[in-house]
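Residues per chain, in single letters:
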Amino acid sequence: MSDEREILRAASARLAAAGVDNPRLEARVLWEAARDPAPFESFIARREKREPVAYITGHKEFWSLDFQVGPGVLIPRPDTETMIESVLTEFPDRAAKLRVLDLGTGSGCILAAVLSEYPNATGLGVEASDTARAIATANMERLRLGTRAEIRPGNWAEALDERFDVIVTNPPYISTADIATLEPDVREYEPFGALDGGPDGLDAVRALAPELNRLGGTSFVEIGIGQADSTAEILSAAGLHVLRAAKDLSGISRIVIAQSQPLPKKELE
Ligand code: GLN
């Protein structure tokens, strides 16, 4: 017992020296995951180099569900739970047979969380990365959503020709210049393609906007700090009707919600 306390004290001192924010808590979390001094030593050594805790443990909680994560997928963020709350607000009927599309599904956390709230809903997660697709597929199976969720390869909505009630997406939205200012945990370990949104961070939104209008439904788009107005403009220009922006727990506009207004089918003459 006092051995364990000594090991934890030494480990949290090393993590503090490496500049991590919550060294005691993280030492404890890594100890719980390792449960033995030998793997614990290697976990601490990895964390000292600023590898994210979630990659070391292989897990991250999101919307009270346990997700498998690893290098190659963005680690689920608490901010993104605002997305799930927004869907619940717009679609209060939990029995609804919603058809849900998640563009750039990554670990699958958004799609899985939405499906977990609507037992009659089915979903499609599109993801370009092989690594992420394997993890998303495993997560759907682990969460017993495998029969309601399909994970498919694709470059955004390119190959799709189906209408969805709900489209959710957390695209890369950090401007290329800002990537250098991110914590090393993010910058050096998380997939660049899931973070880099081009010169102003809005490249993905520009690519997605016409597709959201074509395939939706109601779209829920995660954005970065200060991007609400420009995102709303881009979506409006593509023909969508912007409903509102939902704020995250820090009071930052995080999710832009917009309604598709597809062009009416031409009348047959
Ligand atoms: N929220 C992530 C971060 O701040 C960025 C995710 C994204 O670009 N979609 O690191």
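Residues numbered from 1 in each chain as written. Predicted model: local features only at pLDDT ≥ 70, side-chain atom pairs only at ≥ 80, totals over all residues. Heavy atoms only, no water.

Draft legend 1. Examining the overall build of the protein chain more closely. Counting secondary structure elements, the protein chain contains eleven helices and nine strands. Taking all contacts inside the protein chain whose residues are at least 6 apart in sequence as the whole, residues at least 24 apart take part in 66%. Surface accessibility of the protein chain: about 13,300 Å² in total, with carbon and sulfur atoms responsible for 52%. Each charge class in the protein chain can be summarised by its mean position, and for the 29 positive and 42 negative side chains these summaries are 3 Å apart. (Helix = DSSP H or I, 4+ residues; strand = E, 2+ residues; numbered from the N terminus. Contact = heavy atoms within 4.5 Å. Areas by Shrake-Rupley, 256 points an atom, 1.4 Å probe, with all protein chains shown as cover. Lys, Arg positive; Asp, Glu negative; His and termini not counted. Charge placed at Lys NZ, Arg CZ, Asp CG, Glu CD.)

Draft legend 2. Quick look at the nonpolar core. By size, the foremost hydrophobic cluster in this structure holds 32 residues, and its most contacted members are Val 100 and Phe 220. Of all the secondary structure elements, the ones that give two or more residues to this core are strand 2 (65-68), helix 5 (81-90), helix 6 (109-117), helix 7 (130-142), strand 5 (149-153), strand 6 (166-169) and strand 9 (253-259). Looking at this core, the element that brings in the most residues is helix 6, giving seven residues. If sequence neighbours within four positions are ignored, Val 100 has contacts with Leu 111, Val 114, Leu 115, Ala 121, Thr 122, Gly 123, Leu 124, Phe 164, Val 166 and Val 168. (Core = buried A, V, L, I, M, F, W, Y, C linked by side-chain atoms within 4.5 Å. Buried < 20%, exposed > 50% of the residue type's maximum accessible area, 1.4 Å probe, protein only.)

Draft legend 3. How the structure looks around the layout of surface pockets. Taken as a whole, the largest pocket holds about 1,100 Å³ of empty space. In this structure, the largest pocket is lined by 40 residues; those nearest its centre are Ile 75, Arg 77, Pro 78, Val 186 and Glu 190. Elements supplying a minimum of two residues to the lining of the largest pocket: helix 2 (23-34), helix 4 (53-57), strand 1 (59-62) and helix 9 (184-187). In this structure, the second largest pocket encloses a volume near 440 Å³. Together, 28 residues line the second largest pocket, and Gly 104, Thr 105, Gly 106, Glu 127 and Ala 194 are the ones closest to its centre. Going through the elements one at a time, helix 6 and strand 4 (122-127) are the ones with two or more residues in the lining of the second largest pocket. (1 Å grid on protein atoms, 1.4 Å probe; cavity = no way out; pocket = protein on both sides within 12 Å on 5 of 7 lines; lining within 4 Å. Points joined across faces, edges and corners; volume = space filled by probe spheres on them.)

Draft legend 4. Region of the structure containing the packing of helix 10 (residues 203-215) against helix 11 (residues 228-237). Where helix 10 contacts helix 11, the axes come no closer than 8 Å and their chain directions differ by 40°. Considering the angle they form, helix 10 stands oblique to helix 11. For the pair helix 10 and helix 11, the crossing hand works out as right-handed. Residue-level contacts link Val 205, Arg 206, Ala 209 and Leu 212 of helix 10 to Thr 231, Ile 234 and Leu 235 of helix 11. Counted by class, the contact of helix 10 with helix 11 contains five nonpolar, one polar and one charged residues. (Axes fitted to C-alpha atoms, helices over the stretch in contact; angles between N-to-C directions. Parallel < 35°, antiparallel > 145°, perpendicular 65-115°, else oblique. Left-handed = near helix turned anticlockwise from the far one by under 90°. Nonpolar A, V, L, I, M, F, W, Y, C, P; charged D, E, K, R; others polar.)

Draft legend 5. Summary view of unusual backbone geometry. Put simply, Gly 216 and Gly 217 share a cis peptide bond, and its omega is 0°. With respect to the helices and strands, the residue Gly 217 is situated in the loop between helix 10 and strand 7 (218-222). Here Arg 35, not a glycine, exhibits a phi torsion of approximately 60°, which is positive. A relative accessible area of 66% means that Arg 35 is categorised as exposed. At Arg 144, a residue that is not glycine, the phi angle is positive and equals roughly 60°. Following the sequence through the fold, Arg 144 ends up in the loop between helix 7 and strand 5. The exposure class of Arg 144 is exposed, given its relative accessible area of 74%.

Draft legend 6. Broad picture of the site of the ligand. Residues in contact with the ligand, as listed here, are Leu 74, Arg 77, Asn 170, Pro 171, Pro 172, Tyr 173, Ile 174, Ala 194 and Leu 195. Arg 77 is positioned with one of its side-chain polar atoms (N or O) 2.9 Å from an oxygen atom of the ligand. Its free accessible area being 300 Å², the ligand has 86% of it covered by the protein chains. If you map the ligand onto the pockets, it falls in the largest pocket. Here the shell around the ligand is composed, by residue class, of seven nonpolar, one polar and one charged. (Near = heavy atom within 4 Å. Polar contact = N/O pair within 3.5 Å; in protein donor to acceptor, adjacent residues only side chain to side chain. Sits in = over half its atoms within 2 Å of the grid points.)

Draft legend 7. Inspection of the UniProt feature "binding site: substrate" (unreviewed entry) in the protein chain at higher detail. Per the UniProt record, "binding site: substrate" (unreviewed entry) is found at Asn 170, Pro 171, Pro 172 and Tyr 173. As for the lining of the largest pocket, the annotated residues named previously contribute Asn 170, Pro 171 and Tyr 173. Examined against the element boundaries, Asn 170 turns out to sit in the loop between strand 6 and helix 8 (176-179). In this structure, Asn 170 is in contact with Leu 74, Thr 80, Met 83, Leu 103, Ile 110 and Glu 222, ignoring residues within four places of it in sequence. In this fold, Pro 171 is placed in the loop between strand 6 and helix 8. Residue classification places Pro 171 among the buried residues on the basis of a relative accessible area of 1%. Apart from residues no more than four positions distant in its own chain, Pro 171 is found in contact with Trp 156, Ala 194, Ala 204, Leu 208, Val 221 and Glu 222. (UniProt positions renumbered as here; feature names shortened; annotations may be inferred.)

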